[in-house]
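Here is how the chains run, residue by residue.
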Amino acid sequence: MFSGSYHGRKHHRNDILDVLKKASRHHVVDILLTGSSLDESKRTIEIINSLRQQVTKDDTLKLPELYSTVGVHPCTVLEFESAESVEQHLKELENLISEGIKSDVVRAFGEIGLDYDRLHYTPMEKQLVYFEKQLQLAAKFDLPLFLHMRSACEDFINTLKPFLDNNLLKNKNLLVHSFTGDKTQLEQLFQLEKSNPHGYKIYISINGAGLRDTSTLEILPLIPLDRLMLETDSPWCEIKRTHPSWKYLSRSPNAFYPCDYENYELVEQRSGVRELKENSVKNKKNSNNTNLTLFDFLPIPTVKSDKFDKFQHAHIFEDSPLIKSRNEPCLIGLVAQVISEVRKEDPQKIIDSAYQNSKQVFG
Ligand SMILES: [Zn+2]
């Protein structure tokens with residue numbers, strides 16, 4: 001999606017540099033990109049290396065630091081069976097990780113785990129086999145685990161448990177990312193840690209998917225602050241207007257919001273968006289002509305993916321447009337905002353501790 005392809009069709013030019021510049025202006029300083037297949041992990045590392053080179057050549061280019069995970073997502077593990085051999089595929093993953101550690105790109109093993117919400121991609125038995133095989137590979141490296149778990153808590157814990165009980169993992173940190181589970185699942189995960197004498201630590205990260213219904217919002221206050229991380233999981237998992245979390249969002253919510261931003265109303269007025277909006281209300285017939293809108297909470301234009309290349313960039317906008325239904329790293333502040341509102345805590349406290357936790361685990 002950042003290269004402009006949606007469901008195999010090209011909608012717009014590659015805008016990854018714009019996305020990262022926008023992230024940087026929104027005080028995103030480090031990004032961990034996730035690999036979900038061998039090829040995707042390879043490609044992610046290539047992109048990071050190429051962007052790092054661009055930054056070295058051009059000192060005016062300010063981007064967040066980029067790192068990557070390497071692993072095969074439960075929905076993709078059938079790639080082990082279409083490979084030359086399972087051993088060969090594992091070996092390639094191992095080599096990629098070793099190289100990625102040397103060049104300081106790879107900071108975690110994953111995403112690996114179980115996803116029983118999407119068994120149409122991979123049957124349960126296969127997910128279990130390759131989760132375990134990848135855990136055996138992970139045990140060779142001193143890397144935190146980047147774990148994916150959906151509707152599979154018991155099997156997930158049962159697969160992990162022997163590795164923790166026998167203290168097989170060199171790195172003691174495990175992140176269960178994109179958490180959407182309930183209170184019981186959260187307690188079971190922390191119980192796994194408590195029942196283990198070897199000092200393993202479970203972290204939980206939240207994105208828009210974990211904020212999509214009232215029951216998931218309820219668990220937010222139950223996550224200890226020193227175990228909470230924030231993520232966007234972009235381009236996926238954005239906070240949608242239909243989510244109960246949407247009502248917690250506001251303009252200029254917290255420190256991610258650039259301090260040099262003019263106020264939203266002023267940008268709306270100067271860019272002509274206000275006038276377009278008023279005209280479309282007056283004359284309903286013309287409402288389809290309103291092709292310029294601002295994101296509800298940031299003074300950034302939003303466009304549909306197939307309109308992106310035609311967008312006329314007005315000087316008033318500091319950032320390139322957001323694309324409808326595509327999540328971006330610059331929106332991480334909104335995740336922090338919902339969590340702080342639900343937990344009734346200062347957003348800065350949430351942001352600072354989540355950042356510290358991430359740095360502690362991923363370096
Ligand atoms: Zn995931």
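Residues numbered from 1 in each chain as written. Predicted model: local features only at pLDDT ≥ 70, side-chain atom pairs only at ≥ 80, totals over all residues. Heavy atoms only, no water.

For the protein, the Sequence similarities (unreviewed entry) comment in UniProt is given as "Belongs to the metallo-dependent hydrolases superfamily. TatD-type hydrolase family." (UniProt positions renumbered as here; feature names shortened; annotations may be inferred.)

Draft legend 1. The coordination of the zinc ion, seen in detail. Here the zinc ion is held by the protein donor atoms Glu 111 (OE), His 148 (ND1) and His 177 (NE2), which lie 2.0 to 2.2 Å from it. For the zinc ion, all donor residues lie on one chain, and their spacing in sequence is E-x36-H-x28-H. Taken as a pair, Glu 111 in strand β5 (residues 106–115) and His 148 in strand β6 (residues 145–150) lie far apart in primary sequence, 37 residues in all. The residues Glu 111 and His 148 share a single accessibility class, namely buried. (Donors = N, O, S within 2.8 Å, 3.2 Å for Na, K, Ca; no water. Helix = DSSP H or I, 4+ residues; strand = E, 2+ residues; numbered from the N terminus. Buried < 20%, exposed > 50% of the residue type's maximum accessible area, 1.4 Å probe, protein only.)

Draft legend 2. Region of interest: helix α1 (residues 16–25). Among all positions of α1, only Asp 18, Val 19, Leu 20, Lys 22, Ala 23 and Ser 24 are buried. Of the surrounding secondary structure, the elements contacted by the buried residues of α1 are β3 (30–33), α2 (38–57), β4 (65–70) and β12 (322–323). Two residues or fewer after α1 comes His 27, characterised by a positive phi angle close to 65°. (Contact = heavy atoms within 4.5 Å.)

Draft legend 3. Summary view of the packing of α2 against helix α4 (residues 86–102). Following both chains from N to C, one finds α2 and α4 inclined at 20°, their axes separated by 11 Å at the closest point. For the element pair α2 / α4, the angle class is roughly parallel. Handedness of the α2/α4 crossing: left-handed. Residues Leu 38, Ser 41, Lys 42 and Ile 45 of α2 form the contact with α4, whose participating residues are His 89, Glu 92, Leu 93 and Leu 96. (Axes fitted to C-alpha atoms, helices over the stretch in contact; angles between N-to-C directions. Parallel < 35°, antiparallel > 145°, perpendicular 65-115°, else oblique. Left-handed = near helix turned anticlockwise from the far one by under 90°.)

Draft legend 4. Seen up close, the nonpolar core. Ranked by size, the top nonpolar core spans 86 residues in total, and within it Phe 156 and Ile 204 carry the most contacts. Ranked by residue count, the leading element in this core is helix α11 (residues 332–343), at 7 residues. Among all residues touching Phe 156, those that are not within four sequence positions of it are Gly 113, Leu 114, Phe 131, Leu 147, His 148, Met 149, Val 176 and Leu 189. With 11 residues, the next largest nonpolar core counts Tyr 264, Leu 292, Phe 311 and Ile 323 among its residues. (Core = buried A, V, L, I, M, F, W, Y, C linked by side-chain atoms within 4.5 Å.)

Draft legend 5. Representation of the side chain of Asn 207. Secondary-structure assignment places Asn 207 in the loop between β8 (201–206) and α8 (214–218). On the basis of relative accessible area, Asn 207 is assigned to the buried category, the value being 0%. Within the structure, the side chain of Asn 207 is placed 2.7 Å from the backbone nitrogen of Ala 209, a separation counted as a polar contact. If near-sequence neighbours (up to four positions away) are discounted, Asn 207 is found in contact with Ser 178, Glu 231, Thr 232, Asp 233, Cys 237 and Val 335. (Polar contact = N/O pair within 3.5 Å; in protein donor to acceptor, adjacent residues only side chain to side chain.)

Draft legend 6. Molecular detail of the domain arrangement of the protein. For the protein, the assigned domains are domain 1 (14–241 + 336–362) and domain 2 (264–317). Distance from the C-alpha centre of domain 1 to the C-alpha centre of domain 2: 35 Å. Residue-level contacts link 4 residues of domain 1 with 4 residues of domain 2. Summed over both sides, the interface of domain 1 with domain 2 buries roughly 290 Å², with 59% coming from carbon and sulfur. At the junction of domain 1 and domain 2, the tally comes to 1 salt bridge. Residues that form the side of domain 1 that touches domain 2 fall into these classes: no nonpolar, 1 polar and 3 charged. (Domains from an automatic or database assignment. Buried area = accessible area lost by both parts, 1.4 Å probe. Salt bridge = Lys/Arg side-chain N within 4 Å of Asp/Glu carboxyl O. Nonpolar A, V, L, I, M, F, W, Y, C, P; charged D, E, K, R; others polar.)

Draft legend 7. Looking closely at the packing of α4 against helix α5 (residues 124–138). Viewed as axis vectors pointing N to C, α4 and α5 meet at an angle of 45°, and their least axial separation amounts to 11 Å. Considering the angle they form, α4 stands oblique to α5. α4 and α5 meet at a crossing whose hand is right-handed. Residue-level contacts link Val 86, Leu 90, Leu 93 and Glu 94 of α4 to Tyr 130, Lys 133, Gln 134 and Leu 137 of α5. Its residues assigned to classes, the contact of α4 with α5 comprises 5 nonpolar, 1 polar and 2 charged.

Draft legend 8. Geometry of the sheet that holds β12. Pairing is mixed across the open sheet formed by 3 strands, whose spatial order is β10-β11-β12. Looking at strand neighbours, the two that pair on one side only are β10 (293–294) and β12, the edges of this open sheet. (Pairing = 2+ DSSP bridges.)

Draft legend 9. Fine view of the sheet that holds β8. The strand order β3-β4-β5-β6-β7-β8-β9 describes an open sheet built from 7 strands, whose pairing is parallel. In this open sheet, the two strands that pair with only one neighbour each are β3 and β9 (228–230). When the angles between neighbouring strand axes are averaged without regard to direction, this sheet yields 30°. Sheet topology places β8 next to β9; 3 bridges connect them, and they run parallel. From the neighbouring strand, Ser 205 faces β9, where its bridge partner is Met 229.

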